[in-house]
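Each chain, letter by letter, is given below.
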Amino acid sequence: MWTREEFMLGFVGDVGDLAKIVMAQEGARDMPSGRAALEHELADCLWSVLVLAHRYDVDLDAAFLHTMDQLAQSITARGGRDVGRHDRGQV
């Protein structure tokens, strides 16, 4: 079984891979199987986040909603458009 530190290092590697794929999607580098690679790496990154949350006993649903509420309040306070919970599915 991997340690939490090893999961984190794996996540960092996945984020690096994702960055390269995004660069390829934007035309900054060549990479075969672009869309499939993007989907795979996004799923890998999500899996890593879910595993880390579990291993650190973080209620990710609650943490996400709390963080999004704070973000919406911050944006609204700076004069931005009010971002409610119903808007979060659309980025």
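**So, the environment of M31**
Now for step 1: Within the secondary structure, M31 is located in the loop between α1 (4-25) and α2 (34-55).
Now for step 2: Put simply, M31 and K20 are 11 residues apart on the chain and 8.5 Å apart in space, counted from C-alpha to C-alpha.
Now for step 3: If near-sequence neighbours (up to four positions away) are discounted, M31 is found in contact with K20, I21 and A24.

**Quick word on the packing of α1 against α2**
Now for step 1: Relative orientation of the contacting elements α1 and α2 amounts to 155°, with a least axis distance of 9 Å. Classified by the angle their axes make, α1 and α2 are roughly antiparallel. The two elements α1 and α2 meet at a crossing, and its hand is left-handed.
Now for step 2: Taken together, the residues of the contact of α1 with α2 sort by class into 15 nonpolar, 3 polar and 7 charged.

**Notes on the environment of L38**
Now for step 1: Tracing the chain through its elements places L38 in helix α2.
Now for step 2: Counting along the chain gives 18 residues from L38 to K20, while the straight-line C-alpha distance between them is 9.5 Å.
Now for step 3: Setting aside anything within four residues of it in sequence, one finds L38 in contact with L18, I21, V22 and Q25.

**Considerations on a nonpolar patch on the surface**
Now for step 1: Side chains of L46, V49, L50, Y56, V58 and L60 sit close together on the surface and give an oily, nonpolar patch of about 500 Å² of accessible area.
Now for step 2: Per-element tally for the nonpolar patch: the top contributor is α2, with 3 residues.
Now for step 3: Within the fold, V58 resides in the loop between α2 and α3 (60-77).

So, how was this worked out
Within every chain, residues take consecutive numbers counted from 1 along the sequence as written. Where totals are concerned, whole chains, interfaces and linings use all residues; where local detail is concerned, this predicted model gives features only for residues with pLDDT of at least 70, and gives and counts side-chain atom pairs only at 80 or more. Side-chain figures throughout are based on the complete set of non-hydrogen atoms in the structure, without hydrogens or water. Helix numbering and strand numbering both begin at the N terminus, where a helix is a DSSP run of H or I of at least 4 residues and a strand a DSSP run of E of at least 2. Note on definitions: a residue-residue contact is assigned when non-hydrogen atoms from the two residues lie within 4.5 Å. Helix axes are fitted to C-alpha atoms over the stretch in contact, other axes to C-alpha atoms as well, and angles between N-to-C directions run from 0 to 180 degrees. Our angle categories are set so that under 35 degrees counts as roughly parallel, over 145 as roughly antiparallel, 65 to 115 as roughly perpendicular, and the remainder as oblique. In this scheme, a crossing is called left-handed if the near helix is turned counterclockwise away from the far one by less than a right angle; it is called right-handed if the turn is clockwise. When residues are sorted by character, Ala, Val, Leu, Ile, Met, Phe, Trp, Tyr, Cys and Pro go into the nonpolar class, Asp, Glu, Lys and Arg into the charged class, and all the rest, Gly among them, into the polar class. Without a salt bridge and with relative accessible area above 30%, a residue can belong to a patch; like charges are then joined within 9 Å and nonpolar side chains (Val, Leu, Ile, Met, Phe, Trp, Tyr) within 5 Å. For accessible areas, the Shrake-Rupley method is used with a probe of radius 1.4 Å. Any residue's cover is judged against the shown protein chains and nothing else. Salt bridge, as used here, is a side-chain nitrogen of Lys or Arg placed within 4 Å of a carboxyl oxygen of Asp or Glu.

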